[in-house]
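Per-entry structural report
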Amino acid sequence: MQASHQLPPKPAEQPSRFSSEERIVNDFSIQVATVNGSGSQTANLVLMRSIFQMGVPVSGKNLFPSNIQGLPTWFTIRASRHGYIARKREIDFLVAMNAESAREDVMNLPAGAAVLYDEPLQLASLRNDLHFYAAPFDKLVAPVCPEAKLRKLVRNMIYVGILAELLGIEPEEIRKALYKQFGERKKKAADLNWGAVEAGIAYARSNLVKTDACCVERMQCTAGKLVIEGNTAAALGCMFAGVTVCTWYPITPSSSLAEALITYMERFRRDPETGKATYAIVQAEDELASIGMAVGAGWAGARAMTCTSGPGISLMSEFVGLACFAEIPVVLIDVQRMGPSTGLPTRTAQGDTLKNAFLSHGDTRHPILFPSSPEECFTMAVEAFDLAEQFQTPVFVNMDLDLGMNYWMSDPLPYPEKPMQRGKVLTAEDLERLGGFARYKDVDGDGVPYRTLPGTPHAKAAYFTRGTGHTEAATYSEKPEDWTANLDRLARKFQTLRAHLPPPAQSLAAGAKIGIVGAGTSRYAMEESRDQLSREAGIAASWMRLAAYPFPPELEAFLEQHERVYVIDQNRDAQLLGLMRLDLPARLLAKLRSVRYYGGLPLDARTVTEQILEQEAQQA
């Protein structure tokens, strides 16, 4: 919410310094290269939000090292009047503040890009095909911030002011974004940083002559929208879903989800009379303990969850198998990162697709939801708890670091209107009427049995929860016929679940011979790539964004309508494609093609387009 304290006076309006010819308006990317731990995150968010407040679609991507501080970090802001919010591979405007990476960053720029740099770095001599702007950041920040130890945090606001002047970002929007970022309780800090912004603006006006083409102009494309991280939206979804138990162990990039949930639950989920918490959020000693507690809470009737990443999921395998076979509801939110092993903890990937579908030993299979936006992080968190209880099974929500920890433009999160779906739970009254029940019996033919909750006050409510072989009545059995009957029922339940999952989104192009299929954050590169293929190569392409596994019948129909279908994977081994090959009829498999990226950066459209064009050329 906007802070309610008094803002400083608005800066005086200045006439535009931009000519109307040869400008790149609201269609460029900015990359800020700094040192991790220097406080640049605040400056970058203020910069991004100020462009957003001018009505321009934006996205912000944070590329940071896995150590605490000292290594290079980059933050990329993309402004797109067309609404594209995937990462753009080309950088149009570089802010070079880190001596360690500055020269390499400059050499990697395309011709015509602009560079704002800290004057001592002396970068202008490196190339003659770029637009260079130098600024003495230390000299500019010194009079603004007399306290020397704070200057490294405040000096980043200098480049915000310079960029505001060079790009045409309205200073009033910078000012509003800054005071929103610091909040009501930190007015003194906000005033100090605003002084640095003003110093940057003043320096640019007096000393810099704009030569590049990038500029920002006000649009009306962001009204009613918000900027939010996927992890924050998912935490809100879990709270609105009625979660009562969350057990977790810290791991990048999912920790901020649990931390956000703690903040919201402390505020909104306390008994109004006693003030006591009506929930339990437990930081366990490790991932094995966290999933064990979550499964136990689900068995006891709580809406229970854990959040983790790939290494944590690996440790949870045995308990997930128990929950699948004993039929206990639990939600697992996997914010994926690079692997194997420790891998690259602060890089994004979608490498847990196959693992989560079949996690644990034996014949296990689990439903997966694939959110692609903060709004879907919210709505699919709600759906995950309903599905887990309706089908008495673990449900995975496969996010990734890009979605979870980066900043996205989003529609407002929709208030849930449907009541909770708790599934086939028998009350004491039900048991009295029925005279009893068999825990693992398929009464309705859909594979889903009935259950009771511990403490149900009826003599017939009790049963043994078993991870071993069992009969319909939950008694121990090693008979082959009991075992196969139980596995066949679980498979039937999995097929029943298919019809209850969120449907895919798709866009069919008239006369298109090729289709593109993706899931999660692949959505944004996929949608932009379709436009690139049409605009640059005259190739019409349809696309489909999958929302869940098991796959819907619409996927099969989509393949039927196209000669070739390119499946986007953010992993080396084409895991989404591999899962399709296991799930689809053999007659359709020859149509499948693979588009893969596994470099750890958020996927960009140009990578998708180039791989499709290369394979299409081979087809011809």
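So, how was this worked out
Residues numbered from 1 in each chain as written. Predicted model: local features only at pLDDT ≥ 70, side-chain atom pairs only at ≥ 80, totals over all residues. Heavy atoms only, no water. pLDDT = per-residue confidence, 0-100. Contact = heavy atoms within 4.5 Å. Phe/Tyr/Trp six-rings, centres within 6.5 Å; stacked < 30°, edge-to-face > 60°. Helix = DSSP H or I, 4+ residues; strand = E, 2+ residues; numbered from the N terminus. Buried < 20%, exposed > 50% of the residue type's maximum accessible area, 1.4 Å probe, protein only. Lys NZ or Arg CZ within 6 Å of the ring centre and 35° of its normal. Pairing = 2+ DSSP bridges. Axes fitted to C-alpha atoms, helices over the stretch in contact; angles between N-to-C directions. Polar contact = N/O pair within 3.5 Å; in protein donor to acceptor, adjacent residues only side chain to side chain. Parallel < 35°, antiparallel > 145°, perpendicular 65-115°, else oblique. Left-handed = near helix turned anticlockwise from the far one by under 90°.

With that settled, consider the confidence of the model for the protein. Mean pLDDT over the protein: 94, with 96% of residues reaching 70 or higher. Segment residues 1-21: pLDDT under 50, and 40 contacts once partners within four positions in sequence are set aside and those in other chains are kept.

Inspection of the entire model under this criterion finds nine aromatic pairs. Here Phe93 and Tyr133 contribute two aromatic rings whose centre-to-centre distance is 6.1 Å and whose plane-to-plane angle is 5°, an arrangement assigned as stacked. In this pair, Phe93 is assigned in strand S5 (residues 93-96) and Tyr133 in strand S7 (residues 131-135), connecting sequence segments 40 residues apart. Classification of Phe93 as buried rests on a relative accessible area of 0%. Look at Trp408 and Tyr524: their rings are 5.0 Å apart centre to centre, the planes differ by 35°, and that puts the pair in the tilted class. Here the residue Trp408 occupies a position in strand S16 (residues 407-410), and Tyr524 occupies one in helix H18 (residues 522-537), the gap between them amounting to 116 residues. Residue Trp408 is classed as buried on the basis of its relative accessible area, which comes to 1%. Taking the relative accessible area as the measure of exposure, Tyr524 reaches 11% and is therefore buried. A network of ring pairs unites the aromatic residues Phe240, Phe378 and Tyr415 as a single cluster. Looking at Arg466, its charged tip hangs above the ring of Phe464, at a distance of 5.1 Å from the centre.

What follows deals with the sheet that holds strand S14 (residues 368-369). Taken in spatial order, the seven strands make up an open sheet running S11-S10-S12-S13-S15-S14-S20, and their pairing is mixed. Whereas interior strands pair on both sides, the edge strands pair on one side only; in this sheet they are strand S11 (280-283) and strand S20 (548-549). Both S14 and strand S15 (residues 394-400) contribute to a ladder of two bridges, which runs parallel. Of the residues in S15, the one forming a bridge with Leu369 is Val397. Where helix H9 (residues 255-268) meets the sheet, its contacts fall on strand S10 (245-248), S11, strand S12 (304-308), strand S13 (330-336) and S15, and the angle it forms with S10 comes to roughly 145°. Strand contacts of helix H10 (residues 287-299): S10, S11, S12 and S13, with the helix running at about 160° to S12, the strand carrying the most contacts.

Here we come to the sheet that holds strand S19 (residues 541-546). If you walk across this open sheet you meet the five strands as S17-S19-S18-S21-S22, and the pairing is mixed. If you trace the sheet from one side to the other, it starts and ends with strand S17 (505-507) and strand S22 (592-596), each paired once. For this sheet the average axis-to-axis angle between neighbouring strands, irrespective of direction, equals 20°. Packed on one face of the sheet, H18 meets S17, strand S18 (514-519), S19 and strand S21 (564-569) and runs near 175° to S19.

This part covers the side chain of Asn231. With respect to the helices, strands and loops of the structure, Asn231 is situated in helix H8 (residues 230-240). Looking at Asn231, the relative accessible area reads 1%, which means it is buried. Engagement of the side chain of Asn231 in a polar contact is seen with the backbone oxygen of Pro253, the distance being 2.9 Å. The residues contacting Asn231, other than those within four sequence positions of it, are Pro253, Ser254, Ser256, Leu257, Val335, Met399, Leu403, Gly404 and Met405.

Another point: the environment of Gly467. Tracing the backbone shows Gly467 in the loop between helix H16 (428-434) and helix H17 (480-498). A relative accessible area of 47% places Gly467 in the partly exposed class.

Here H10 crosses helix H12 (residues 317-326) at 15°, and the two axes come no closer than 9 Å. It follows from the interaxial angle that H10 and H12 lie roughly parallel. H12 is crossed by H10, and the crossing has left-handed handedness. The residues of H12 that touch H10, namely those facing Leu288, Ile291, Gly292 and Val295, are Phe319, Val320 and Ala323.

For the rest of this paragraph, the subject is unusual backbone geometry. Cis peptide bonds are those with omega within 30 degrees of zero, and the linkage from Gly339 to Pro340 qualifies with 5°. Along the chain, the position of Pro340 falls in the loop between S13 and helix H13 (353-357). For the bond from Tyr549 to Pro550, the omega torsion is 10°, close enough to zero to count as cis. Its place among the elements puts Pro550 in the loop between S20 and helix H19 (553-560). One non-glycine residue, Gln122, adopts positive backbone phi at about 50°.

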